[in-house]
Amino acid sequence: MSFSRCALLWARLPAGRQAGHRAAICSALRPHFGPFPSLLGQVSVLATASSSASGGSKIPNTSLFVPLTVKPQGPSADGDVGAELTRPLDKNEVKKVLDKFYKRKEVQKLGADYGLDAHVDDLFPFFLRHAKQIFPVLDCKDDLRKISDLRIPPNWYPDARAVQRKIIFHSGPTNSGKTYHAIQKYFSAKSGVYCGPLKLLAHEIFEKSNAAGVPCDLVTGEERVTVQPDGKQASHVSCTVEMCSVTTPYEVAVIDEIQMIRDPARGWAWTRALLGLCAEEVHLCGEPAAIDLVTELMYTTGEEVEVRDYKRLTPISVLDHALESLDNLRPGDCIVCFSKNDIYSVSRQIEIRGLESAVIYGSLPPGTKLAQAKKFNDPSDPCKILVATDAIGMGLNLSIRRIIFYSLIKPSVNEKGEKELEPITTSQALQIAGRAGRFSSQFKEGEVTTMKHEDLSLLKEILKRPVDPITAAGLHPTAEQIEMFAYHLPDTTLSNLIDIFVDFSQVDGQYFVCNMDDFKFSAELIQHIPLSLRVRYIFCTAPINKKQPFVCSSLLQFARQYSRNEPLTFAWLRRYIKWPLLAPRNIKDLMDLEAVHDVLDLYLWLSYRFMDMFPDASLIRDLQKELDGIIQDGVHNITKLIKVSEKHKLLNLESFPSVSQSRLSGTLKSQARRTRGTKALGSKATEPPSANAGELSLASRLVQQGLLTPDMLKQLEKEWMTQQTERSKERTESGTHPKGTRRKKKEPDSD
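Just so it is clear, the model here is predicted, and its values are computed rather than measured.

Conventions adopted
Residues numbered from 1 in each chain as written. Predicted model: local features only at pLDDT ≥ 70, side-chain atom pairs only at ≥ 80, totals over all residues. Heavy atoms only, no water. Helix = DSSP H or I, 4+ residues; strand = E, 2+ residues; numbered from the N terminus. Buried < 20%, exposed > 50% of the residue type's maximum accessible area, 1.4 Å probe, protein only. Areas by Shrake-Rupley, 256 points an atom, 1.4 Å probe, with all protein chains shown as cover. Pairing = 2+ DSSP bridges. Axes fitted to C-alpha atoms, helices over the stretch in contact; angles between N-to-C directions. Parallel < 35°, antiparallel > 145°, perpendicular 65-115°, else oblique. Left-handed = near helix turned anticlockwise from the far one by under 90°. Contact = heavy atoms within 4.5 Å. Nonpolar A, V, L, I, M, F, W, Y, C, P; charged D, E, K, R; others polar. Core = buried A, V, L, I, M, F, W, Y, C linked by side-chain atoms within 4.5 Å. pLDDT = per-residue confidence, 0-100. Expected span 1.5 Å × (residues − 1). Phe/Tyr/Trp six-rings, centres within 6.5 Å; stacked < 30°, edge-to-face > 60°. Lys NZ or Arg CZ within 6 Å of the ring centre and 35° of its normal. Salt bridge = Lys/Arg side-chain N within 4 Å of Asp/Glu carboxyl O.

## As for the overall build of the protein chain
In step 1: When its secondary structure is counted, the protein chain shows 28 helices and 18 strands.
In step 2: Relative to its 751 residues, the protein chain shows a buried fraction of 49%.
In step 3: Accessible area for the protein chain stands at about 36500 Å²; split by element, carbon and sulfur atoms hold 53% of it.

Structure follows, in structure tokens:
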């Protein structure tokens, strides 16, 4: 069939038949060629043309456009519509015609100006109409660009722009008194708001303010506390930065850790607070690296920035020798690890030496962290050693004399979701090291070193590097913007709406759009549940740990209950989490209890957004406090849990982390390789002798020398186990048993 014949017959069909025949062709070809042969390529041409026509906006990523199913408009969806006018269409012939069609330069030129001149090619108008049907974004892309225009964010906050604010930047390192001076201004003001990065910090200021006679409320994602007897709001409020109000007027506002404005996931909250708080004075506390960016952002609002520099209050020094062995630990030491496995291993080794240690890591409940910090800080408590992750970097007041980096390699996930093992940054190293020798602690001088001698030179190099200046602030689409997107694209999933929004968004050079992978994860998790867009959006903004399967399944279950209009009562939740819960017997039990605590946090977070569907917040909070106590007891006895876990092979502290997906910077690869290879075995030489101690020592040396990789070691272990199994079978078949393996005959009444 010739191209002109196909086009002519198509053009002669009535409008309804054209659409039906077109749909029939696409329906026949869809299993082989997709919604329309190479249609995405043509959509790209149209998008490019539209982009140039609308003033040079960036070209959309057409791979994000999910095609919709177009229902035939003819008399029968299954029949060969239009066959009465011509012979039945041959799919191969149609494919050839369409291939020629979309490759022609004339058609591309038509795409450039939306080519509606049927005299040039009669098929193009129908192709264009079909493209807009299955890709509705083509019809509204100009509107979508306007909605997703994130330029000039200061204009989003008219209330703040109506106030001539005074911006004061308290700049300095950890333990320099910068936050203290800002908080004193907060206490002396008639009204104020404190915005902190953590619930722990919000709680701390809440308690300090009320203790100082300044009535202060508490607002976090999971908690609201009012101190006035009549329930009215106090003049001061301490909150997590995401929860601050940008419409309430204050005399003084304090934004803590302003350098987190660059955070890939949470930076938008600091940007919103900085640009939107309605306060006469805004006090910023943070690293000097943020000064230039804040000054530039405030220039766009017409506000000047006053910088106040602070120096560290107590001296801190990097030692010239590494710890080398846990035998060299002293009271006030804190060993910083970057994995739970290292936490467990080090805690176990300290316990073997007859010492007691406190343990703090990120997934512990706030109450447990505070209890462990109190135990470590108490001079009368026998616990003198702290084993912690970088969770101690902010939010806890600790009496530390010496920080010891067990490793300098921190696992992370890049923007593509790939796991990486890279050395900590200068900013991270300074934040952690600065916890030693704090002004308010019993140690007036701080010391920093490493566990391994070969890491010490790298630590010194990292600490000497200048901190990279912060160049951009985070932004985040609002629920209103996503709703407007959904109005134009009603059949698009929320996850896909986010992708298209981010792709269409335009930002100034001083801003970036925050990573929304966690939001999209939740959106895809509950996509099949019938919810309104606003409710779905709120569920997706709920903070969850997507590495915890029970927490993820709980979000799904909560959304399902909500969609059925079934309130999630206290009794229902008790049954769901199988309360009462027993004290943990091993590390896995402890991790399960931590996950349940996160589920209760999720309930409380949702209870402040949907009070009628999550009605028992006060009862759940009491339940959570009881659970916190159970977890505290478990952490207090963590070395016992580790022993039991090792005995039952629930915890393998000898395992080597897989590094196949890690990417290390070239100059530090050898250093990272040594650290990874010795991380699990670094302190085994001091363990009591065991049957395979010689093998472990040899394996450790081979890994250090680069002669053996973790994968090779695993393969050798597998082969050795196979050989042992075969030998055991041979002995069994020959009627002999290795010494000590013959089992006693079971007594009739024995258990």
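## Some words on the pairing of strand β2 (residues 192-196)
In step 1: The element β2 is largely enclosed, with a buried count of five among its five residues.
In step 2: Burial along β2 is two-sided: Gly192, Tyr194 and Gly196 and Val193 and Cys195, pointing in opposite directions, are all buried.
In step 3: Taken together, the five bridges between β2 and strand β5 (residues 236-240) define a ladder with parallel strand orientation. Opposite tyrosine 194, over in β5, you have serine 238 as the bridge partner.
In step 4: Relative to strand β6 (residues 249-255), β2 is paired through four bridges, and the arrangement is parallel. Each residue of the ladder has a partner; that of tyrosine 194, found in β6, is valine 254.

## A word on the sheet that holds strand β12 (residues 385-388)
In step 1: Strand order across the open sheet formed by six strands is β9-β16-β13-β10-β12-β11, with parallel pairing between neighbours. At either end of the open sheet lies a strand with only one pairing partner, and these are β9 (316-318) and β11 (357-360). For this sheet, the mean angle separating the axes of adjacent strands, direction not counted, is 20 degrees.
In step 2: Pairing of strand β10 (residues 333-336) with β12, which is carried by four bridges, proceeds in the parallel orientation. Note that in β12 the partner of valine 336 across the bridge is alanine 388.

## Brief notes about the sheet that holds strand β7 (residues 278-286)
In step 1: Pairing in this open sheet of eight strands is mixed, and the strands run β4-β3-β5-β2-β6-β7-β1-β8 from one edge to the other. The strands lining the two open edges of the sheet, one partner per strand, are β4 (224-225) and β8 (305-309).
In step 2: One ladder, built from two bridges, connects strand β3 (residues 216-219) with β4; its direction is antiparallel. Across the sheet, the residue bridging to leucine 218 is valine 225, located in β4.

## Concerning the packing of helix α9 (residues 178-188) against helix α10 (residues 199-211)
In step 1: Taken N-terminus to C-terminus, the directions of α9 and α10 make an angle of 50 degrees; their axes are 11 Å apart at the nearest point. With respect to each other, α9 and α10 are oriented oblique. Crossing of α9 over α10 shows right-handed handedness. Across from Ile183, Tyr186 and Phe187 in α9, the residues of α10 making contact are Ile205, Lys208 and Ser209.
In step 2: In the contact of α9 with α10, the residues fall into four nonpolar, one polar and one charged.

## Quick notes on the nonpolar core
Within soluble globular proteins, side chains that are nonpolar tend to cluster in buried spots.
In step 1: Among the nonpolar cores identified, the biggest contains 132 residues, and Phe539, Phe558 and Phe614 are the most heavily contacted of them.
In step 2: In terms of residue count, helix α23 (residues 587-607) provides more of this core than any other element does, twelve residues in total.
In step 3: Each residue touching phenylalanine 558, except ones within four places of it in the same chain, is listed here: Phe539, Leu568, Trp572, Leu573, Val599, Leu602, Tyr603, Leu606 and Phe614.
In step 4: Judged by nonpolar contacts, the second largest core, of 28 residues, contains Val336, Phe376, Ala388 and Val448.

## Observations regarding the confidence of the model for the protein chain
In step 1: Per-residue confidence for the protein chain gives a mean pLDDT of 81, with 74% of residues at or over 70.
In step 2: Scored below 50 in pLDDT, residues 1-56 makes 110 contacts in the model with residues more than four places away or belonging to other chains.
In step 3: In this model residues 655-696 is a low-confidence stretch, pLDDT under 50, and it forms 65 contacts with partners more than four residues away in sequence or in other chains.

## Here's the deal with helix α14 (residues 366-377)
In step 1: Here α14 is twelve residues long and its end C-alpha atoms lie 16 Å apart, about the 16 Å a rise of 1.5 Å per residue gives.
In step 2: Contacts made by the buried residues of α14 are with α10, β10, β11, β12 and α24 (617-636).

## Examining the packing of aromatic side chains
In step 1: The full count for this structure, using the stated rule, is 14 aromatic pairs.
In step 2: Pairing phenylalanine 539 with phenylalanine 610 gives two aromatic rings, centres 5.5 Å apart and planes at 20 degrees, and the pair type is stacked. Note that phenylalanine 539 is positioned in helix α20 (residues 533-541) and phenylalanine 610 in the loop between α23 and α24, a separation of 71 residues in sequence. The exposure classification of phenylalanine 539 matches that of phenylalanine 610, with both residues buried.
In step 3: Relative to tyrosine 576, the ring of tryptophan 572 lies with its centre 5.2 Å away and its plane at 5 degrees, an arrangement referred to as stacked. Pair noted here: tryptophan 572 and tyrosine 576 are both in helix α22 (residues 570-576), with a separation of four residues, about one helical turn. Judged on exposure class, the residue tryptophan 572 and its partner tyrosine 576 are both buried.
In step 4: Connected via pairs of aromatic rings, a cluster forms that spans Phe550, Phe558, Trp572, Tyr576, Tyr603 and Phe614.
In step 5: Note that arginine 224 overlies the ring of tyrosine 608, its terminal NZ or CZ placed 4.4 Å from the centroid.
In step 6: Its end group placed over the ring of tryptophan 605, arginine 609 keeps NZ or CZ at 3.7 Å from the ring centre.

## Side note on helix α11 (residues 267-276)
In step 1: Judged by how many residues are buried, α11 sits mostly within the fold: eight of ten residues are covered.
In step 2: Elements in contact with the buried residues of α11: α8 (158-161), β6, β7, α12 (291-301), β17 (473-475) and β18 (511-513).

## Examining the environment of isoleucine 404
In step 1: With respect to the helices, strands and loops of the structure, isoleucine 404 is situated in strand β13 (residues 402-405).
In step 2: For isoleucine 404, a relative accessible area of 0% puts it in the buried group.
In step 3: Sequence-wise, isoleucine 404 and leucine 329 are 75 residues apart; in three dimensions their C-alpha atoms are separated by 9.7 Å.
In step 4: Once you skip the residues sitting within four places of it in the chain, isoleucine 404 turns out to touch Leu323, Leu329, Asp333, Cys334, Ile335, Val336, Thr449, Thr450 and Met451.

## As for the pattern of salt bridges
In step 1: All told, the structure shown has 26 salt bridges when counted by the stated rule.
In step 2: Measuring nitrogen to oxygen at the nearest pair gives 3.2 Å for the salt bridge that ties glutamate 351 to arginine 348. With glutamate 351 and arginine 348 both in helix α13 (residues 340-352) and three residues apart, this pair spans about one turn of that helix.
In step 3: Assessed through its relative accessible area of 25%, glutamate 351 is described here as partly exposed.
In step 4: Residue classification places arginine 348 among the buried residues on the basis of a relative accessible area of 18%.
In step 5: The partner of arginine 465 in a salt bridge is glutamate 461, and the shortest N-O contact between them spans 2.9 Å.
In step 6: Counted as one network, the salt bridges with shared partners bring together Arg348, Glu351, Lys643 and Glu646.

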